[in-house]
Structures are given as structure tokens and as C-alpha cells.
Amino acid sequence: MLSEDELISGCRKGNRASQKALYELYCRKMLVVCLRYSKTTAEAEDILQEGFVKVFNAIKDFRQEAKLETWITRIMVNTALNVQRRKLYLYPMVDVEELNLPDTEVSVSGIHFGQLLEMIQTLPHGCQIVFNLFAIEGFSHKEIAEKLGISEGTSKSQFARAKSLMQAKLLKESTYYERYGEAKI
Amino acid sequence: MNDMERRKFEDSFQDAFKDAEVNPSENVWTNIELDLEKAQGDKMKRRLLFFQTLAAASVVFAMCIAGVGYYVMNHESPGNLARQSEGRVYADHDKTTTNDQQNAQIGKDSNDASRIKENLADRASIDDNSTSSAADKSDNSRPLNNDGDIRHPSQADETSADGNGVTQQNEKLKTTPQDKSSLGKKSTALIADAKIQRANNAANAHGLKNSASTANVDSDPTKMKTISASSAAGAAKDNGTGSVTSRKLPPLNQAATPALQLPAPATDQASSADPGMLLLLARAEEEKRFAAEDKKQAKSKSEKLWTSVGFAAGGFSSTNSSVAAVPSNTMYSMNSSTTAAQQSKANGVSYSVGVGFGTKLSERWVLQGGLSYLTQSSDYTANSVVVVDNNFADPKAASMLAFAPQLADESKDTRVAQTFPYNVNNNVRFMSVPLQAGYLVVNKKFGVQVNAGVATDLFLKNTVTPDGAGLSQTTQGRGDDSPYRSFNFSGLMGTEFSYRLGYHYRLSLNPGLRYPFNSVYKSNTGIESTPLTFDVGLRFKYIFH
């Protein structure tokens, strides 16, 4: 098993074996990232492919200031945003009214990430992106606004709507489990 | 919800996706690899395009230079000759007479080569007439100056004119390098001159000054008009009516070689020796000398035969390779197909060393051949090994050698084992016999040559070197077992920029393209690959004179 430095060095030389090894190491995690920003698996795999080509082309410039995984994730997110930006052009993000949130705490612990992914994928385009960027990637609304070319308020309202929808979905799932007594996956 | 709860909600999502993994489908990596190959191919294509454009531009530039040079030479040479001839005629004209009739006559003749010859002949007759007149009238003790066409300025004679007291500095014609080439053309005129000389001498002996014109008319009726004018000019001079001036010729016309001079006979021998014959003899000697000089010069400039030694380095692109569909769906056939595709489509580097010879077929066309050792090296990625007869201790790298149909031995149990991807180097060696025709666009100290031809490539061997500790190197020579053709023919095209370093040596830079006419692989392998090679060679030539 090659070390991360050896992998990076091999990829910088254009060694196909090293590139394949790097891909094998991170492709599964990165596909989850891509799935969060897309509606279908095929779409996510396209983003993954485009992202890894960018990784191999740009790895010469990788200065190892951040972790390799973080750097690759950033490239995947940016690639996904580029793809989604084309859709956002067709369906521009606007301020949306915040739904009435239930006061009860809805927990996601114990729910399989596959179900969570499905829930995220069912969110509207704008909500899905803002939710991912804010809740999972940890960007601030200001940063999201800069990235997507929207106002900070729009980002906030989109996130609030996404969160409400997610909570509603989670609540529905919880009720279903409670009613039929099925164990959470 | 308060902020803490909100943060908790978001953190729970982060935790949920922290170690989440989903397997992508197999074709994602295949597509990534294709994208990377395509990018590399594009890069190679861009490089090739750059070099092709550079080569084309250099050829176009060289041809433009050659064209301009040819144009300048073609338009300067006759022009110079005409101007020089014109200058000579005008010089003679000035020194003999200002007669308008003659001036017009000579002026009209200046652009016509045949007329120039006539003028050259006429000039001799003019000189003879005037000289003989002067000699007759002034002093018979002065040696007779039967000057020819070609004279050195330092040897110009002074001839006293008649009783009008006009002293005339005769500027005689001089030879220039350009004149040498036209000597042959002038020979007819020179013979005519000789006849005139003889006639003049005879006339001098008998006191018949104008008989030269008659003799000239006899020798060449076409010159009658000019000669009449000459006679008139002579007469005008005799009468002292002509204004005699001298004009210096431009530096271009300064003599580079000693001029011919008719040997001056003693006065008492003038009647016995034939100066015309002496002139002819002297000119014959000069002709011989010039011919010998020309021959020597031509010999020194000629590069009839040469031999060369050199090397070349470049790259080759196999982007146009194709692999036939594999009918079987077994793991063995799938792997062989993948390996064949990767190996045959791999781009790489090419090196060659060799010796050559060349000969000149004509002034511009050359034929050159030689013998060169060519090696082409490429890398590809394999993800399987071939195990024969369960010999896991010595697996073979996945290559066309391992998968070649002609190697499939039914008696052996050949298996394919999937492995971690590893790098494989494929090195193919050829002996090549090129034969090219070349056209010398520029044939000076700096030379530009355009070459095209064919090469017979004799496959020697190929070596597969896997980049892994547990795999051994495999070498396969030519023959039935090899997937490569034993013989193949390639088209060659290139340019040669050379510089003559000395009498025997020339250094040349040769950018060139090589393209096989047939696939380098045998037809039963199902692989078509005609790699386009671009290399730049450096050759050192030894020229035999």
C-alpha cells in the first residue's frame, strides 16, 4: 500500500497506477458528496468523474497545506456547484417563506445515511445546495451567498425552508416507525 | 429552537455523513482514464501540430528566401552584363567619338545580347581603326596597339592622336568574373575580331585604313550597319572633330583577373608576325586557364558524395490505434483486449542512431540512404498478470506478448489474475533502412533541403518491463511468436537544415515525420496501430570531393 505522499508524487508524474490507487482510496467517500448535491446516482457519477479529472490535472499545484481528502472534497463540491449553477440559472433562488417548524426536537441519530441522502435529494434545487453547504460543509451564509451569487438573506431563507422540509420528513419517518414499530435502518 | 439545538441538528447531519461511503460503478474509472488519455492525446497532438507548423513555416520561409534569391540572381546577372557591356560600349564610344548617329546606334543595341556581341566586335574595329589611323599619322616607331576586347586598366596604352594634339587615354575593357561565364558566347565575336585585326594589319601595311570595314562585312554581314558607323567614327576622329573623353567604369567592373593583351611585336617585325594569330593563341591560353579555374572552383563547391553519422530523438503518437472486438466474453479475452488497447494506444518516446550516405543526382536533387537503429518506448497501466501452469512464483506482466493468440498454448493452463494497477514499459526495437530523395532549396554554406522517401523497418525485438518487484522482464524477438510484423514499410518526410563547417564537413538538423504504411502489429492480432513519429535528428556529414 502506497503512502499518501507516494500517491501524490506518482499522480504528479502522471503515473496511471498511482492515479488509480488515489481514485480507489477516495472514490466512495466522494461519491457520497456528489450524491448530496445531485438528484440521481448517474448525475453524481458524472460529477465524480469530472471532479477526479480535475484532481489529477490540478494535483501538481496541491501544496499539501490542507489534508488531501479535504482538498479533493473541495474540488468535488466546487464541481458539483458548477453543475448545479447551470440549473440555478434556470431556476433562480429567491427568498422563501419560512414554514412553521415544530417545536419538538427531531433527531437524525440512528437513521442510515442512505435515507438521509434520499431526503436531501428530494429537496428543491436551491434548498438542497444551501442545506449541504451550511449544514454539512459548514460554510457561513455570507460565504454561501458569495459562492452562489445570491444575497445572504436568500441563503438564510433557503436554508430555513430546507431545514423545515427535512424536519417534516424526519418527523414523518419517526411517526411511521412509531406506528408500525419497525426498527430504524 | 434555540441556537444550540440548531447547531446540534447540523452536527448530527455532519456525523451521519462522516464515514459514509457508496461504491461507484466500474465505468467511472474507465471514463476518467479515457478523459485523461484524451487530454494526453490532445497535448501530444498540440505538440505535433506545433512542430508540424514549425517545420512547414521553416520550409515556406526557406522557399521564400530561395525564391527571392533566384529572382535577384536572375534579374541581376543579365542586367549586369548588359550594363557592363553598355558601359564598355559607351566608354569606347566616348573615347572615339560623340557622333550622334553612332551614339543612337549603340544605345539601341544595349539591351540586346546579340547586338552587344556585335558592339564588342565593332569596338575592336573602332579601336583598330583609330589606332591604326593614329599610328599612321603620328609615329610609325610606336608599337602597333592591336588591343583586344579584354584588357587590364594598368596595361592601357596611351596613343598619341593626330595633329590636333589630342592625347587619348584608352580605357580598355576588363574581365570580371561575370565576363568569364560569357567568354564562350564571345568567342564568335573574338574570331570576327581576329579577322578584323588581320585585315587591319594588312591595311596598315598597305596604307588602306578603311579596308577593315570591308573585311568585317565579309566576315559577318549582319554587322554592316554598326561597322559603317564605326568607320564614320574613325573618320570623325581622324578629322579631329570628335571630342575625346574618358569615363571610369564603376567598381563592379574592375578587373579581377589579369586581362589579355596582344603581344606587342617590334616595329620591324610587324609585317612578318601575324598579330591576329598571336591574339588567338593568347586567348586560347586564357580560355584554358579560365576553364581550369572554373573546374577547380566547381570541384571545390561540389558535394557529390557524402557519408553521415547521427542520432535523433522525438515522440510517437498512437491515437489512431484500434482493437478488434473480442468475441469471447471470458476474463482472459477481456483482459487481453484491454491490455492490447492500452499497449497499442500508448504514446511514447523514440530514439534512433544511424549512419547514412548521400549522393547528388543533379544540381538540386539528392538521393540519400542509410541504416539506423530505432527504439520506441511507451508506458501503459495493467491491472492483471498472466499465470502459466499455476506458476504463481513467476507471473507475467499483462502484455500483448502474454495474450498474443499465436502464443496460446493449449497444453498449458494459462490464467489471468487481477492485481493492483501497475505500470508496464514496452520497448520496441527496429533496424531501419531509409531511402529518401531530397530537393536542395538552398544550396549555399547554409543549406535547406526537403526530403521524402520510404524506410524498410526490420523488427528486432520488444521488451516488456513491468514496474513491480514480483514481475520479471519479458523479451520477444521477431518471428511467428511475436505480435509485431517482421518487416514493415514507413513513409518518411522531413526537412534538413545544414551548415558547412569546412571543406569536408557539414552539420545538419533534421526534423522529420515517420508513418508506417501498415499496422506494426500482425493482422491476426486484431490490432491496428500506425504510430506517427516526429523526431529531430542531428547529423554530422563528411563530404567526399
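Scoring rules and cut-offs
- The numbering scheme is per chain: residues are counted from 1 as the chain's sequence reads.
- Written order determines the labels here, with chains lettered from A and ligands numbered from 1.
- Predicted model: local features are reported for residues with pLDDT of at least 70 only, side-chain atom pairs are reported and counted for 80 or more only, and whole-chain, interface and lining totals are derived from all residues.
- Each side-chain value is derived from all of the structure's non-hydrogen atoms; neither hydrogens nor water enter the calculation.
- As used here, the term nonpolar core means buried Ala, Val, Leu, Ile, Met, Phe, Trp, Tyr and Cys residues forming a set that is joined through side-chain atoms within 4.5 Å.
- Residue burial is assigned from relative accessible area. The probe radius is 1.4 Å, only protein chains are included, and a residue is buried under 20% of its type maximum, exposed over 50%, and partly exposed in between.
- Strands here mean DSSP runs of E at least two residues long; helices mean DSSP runs of H or I at least four residues long; both are numbered from the N terminus.
- By definition, residues are in contact when any of their heavy atoms lie within 4.5 Å.
- Ring geometry is summarised as follows: Phe, Tyr and Trp rings, the Trp one being its six-membered ring, pair when their centres sit within 6.5 Å, and such pairs are stacked at plane angles under 30 degrees, edge-to-face over 60 and tilted between the two.
- Look at NZ for Lys and CZ for Arg. If either is within 6 Å of the ring centre and within 35 degrees of the ring normal, a charge sits over the ring.
- Strand pairing is defined by DSSP finding a minimum of two bridges between the two strands.
- Once two parts are brought into contact, the accessible area they lose, counted with a 1.4 Å probe and summed over both, makes up the buried area.
- Every case where a carboxyl oxygen of Asp or Glu lies within 4 Å of a side-chain nitrogen of Lys or Arg is listed as a salt bridge.
- Polar contacts, as used here, are pairs of N or O atoms within 3.5 Å; protein pairs need one atom able to donate a hydrogen and one able to accept it. Residues neighboring in sequence count only if both atoms are side-chain atoms.
- Like charges are joined within 9 Å and nonpolar side chains (Val, Leu, Ile, Met, Phe, Trp, Tyr) within 5 Å, but only among residues with over 30% relative accessible area and no salt bridge; these make up the patches.
- What sets the accessible areas is the Shrake-Rupley method with a 1.4 Å probe; for residues, cover comes only from the shown protein chains.
- Neither His nor the chain termini are counted; the positive set is Lys and Arg, and the negative set is Asp and Glu.
- One atom stands in for each charge, and that atom is NZ of Lys, CZ of Arg, CG of Asp or CD of Glu.
- Values of pLDDT, which run from 0 to 100, indicate the predictor's confidence residue by residue.
- The directions from the helix axis to the C-beta atoms form the arc being described.

Chemist: Talk me through the nonpolar core; I want residue IDs and the actual numbers.
Modeler: Among the nonpolar cores identified, the biggest contains 65 residues, and A:F52, A:F56, A:F131, B:F13 and B:F17 are the most heavily contacted of them. With 11 residues, the single largest contributor to this core is helix α2 (residues 16-36) of chain A. The contacts of A:F52, once residues within four sequence positions are left out, are A:L22, A:Y23, A:Y26, A:C27, A:M30, A:M76 and B:I32. Counting 11 residues, the second largest nonpolar core, distinct from the first, contains B:A346, B:Y380, B:Y422 and B:L471.

Chemist: Which residues make up the packing of aromatic side chains, and what values go with them?
Modeler: Going through the model one piece at a time under the given rule, you end up with 18 aromatic pairs over all chains. Both rings, one in A:F134 and one in A:F159, keep their centres 4.4 Å apart while their planes meet at 55°; by these two values the pair is tilted. On the criterion of sequence distance, the pair formed by A:F134 in helix α6 (residues 125-136) and A:F159 in helix α8 (residues 152-180) is long-range, its members being 25 residues apart. Here A:F134 matches A:F159 in class, with each residue buried. Taken together, the ring pairs connect A:Y23, A:F52, A:F56 and B:W29 into an aromatic cluster. The ring centre of B:F487 lies 5.4 Å from the NZ or CZ of B:R478, which sits over that ring.

Chemist: Requested: an account of the pairing of strand β9 (residues 446-466) of chain B, with residues and values cited.
Modeler: Residue and element names in this part refer to chain B. Relative to strand β11 (residues 487-500), β9 is paired through 13 bridges, and the arrangement is antiparallel. Bridge pairing links G453 to L492 in β11. Two elements, β9 and strand β10 (residues 474-477), share four bridges in a ladder whose sense is antiparallel. What sits directly across from K461, in β10, is G477.

Chemist: Give me the lowdown on the environment of B:T339, citing residues and values where you can.
Modeler: Relative to the assigned elements, B:T339 resides in helix α10 (residues 331-345). When the C-alpha positions of B:T339 and B:N383 are compared, they lie 8.8 Å apart, and in sequence the two are 44 residues distant.

Chemist: Give me the lowdown on the interface of chain A and chain B, citing residues and values where you can.
Modeler: Taken together, the contact between chain A and chain B spans 40 residues of the former and 32 residues of the latter. Carbon and sulfur atoms supply 67% of the area that chain A and chain B bury against each other, a total of about 3600 Å² over both sides. If you sort the residues of chain A by the area they bury against chain B, A:R16, A:K20 and A:Q49 come out on top, with a joint share of 19%. Our count for the chain A to chain B interface comes out at one salt bridge. Residue A:R16 pairs with B:E37 through a salt bridge whose shortest N-O separation is 2.9 Å. At the junction of chain A with chain B, the criterion picks out eight residue pairs in polar contact (both at pLDDT 80 or more). Those elements that provide at least two residues to the side of chain A that touches chain B are α2, α3 (41-58), α5 (113-122), α6 and α8 of chain A. Residue contributions to the side of chain A that touches chain B peak at 13 residues, all from α2(A).

Chemist: How would you explain a positive patch on the surface if you had to name every residue and give the values?
Modeler: Together, A:K60, B:K43, B:R46 and B:R47 make up a positively charged patch on the protein surface. Assignment of secondary structure puts B:K43 in helix α2 (residues 27-96).

Chemist: Give me the confidence of the model for chain B: which residues, what numbers.
Modeler: Residue and element names in this part refer to chain B. When pLDDT is averaged across chain B, the result is 69; 54% of the residues are at 70 or more. Counting interchain partners and residues more than four positions distant, the pLDDT-below-50 stretch residues 89-113 has 45 contacts. Across residues 124-188, confidence stays below pLDDT 50; counting only partners more than four residues off in sequence or on other chains, it has 153 contacts. Model confidence for the complex is summarised by a pTM of 0.38, with the ipTM given as 0.84.

Chemist: Which residues make up the side chain of A:T73, and what are the values?
Modeler: Residues and elements named next belong to chain A. Tracing the sequence through the fold places T73 in helix α4 (residues 68-90). Overall, T73 belongs to the buried group, its relative accessible area being 17%. Discounting chain neighbours no more than four positions away, the residues touching T73 are M30 and V33.

Chemist: Outline the pairing of strand β3 (residues 305-317) of chain B, listing residues and values.
Modeler: Residues and elements named next belong to chain B. Pairing analysis gives 12 bridges linking β3 to strand β5 (residues 348-360), with the strands arranged antiparallel. For V309, the partnering residue across the bridge sits in β5 and is V355. Bridge analysis of β3 against strand β14 (residues 532-544) gives 13 bridges, and the strand direction is antiparallel. Within the sheet, the bridge partner assigned to L305 lies in β14 and is F544.

Chemist: So, helix α7 (residues 141-148) of chain A: which residues are in play, and what are the values?
Modeler: Residues and elements named next belong to chain A. When α7 is considered as a whole, its buried residues turn out to be H141, I144, A145 and L148. The arc enclosing the buried residues of α7, seen along the axis, measures out at 100°, which places them on a common side. Opposite the packed face of α7, turned more than 90 degrees from it, sit the exposed residues K142 and E146. The positive-phi residue at the C-terminal boundary of α7 is G149, with phi of around 70°.

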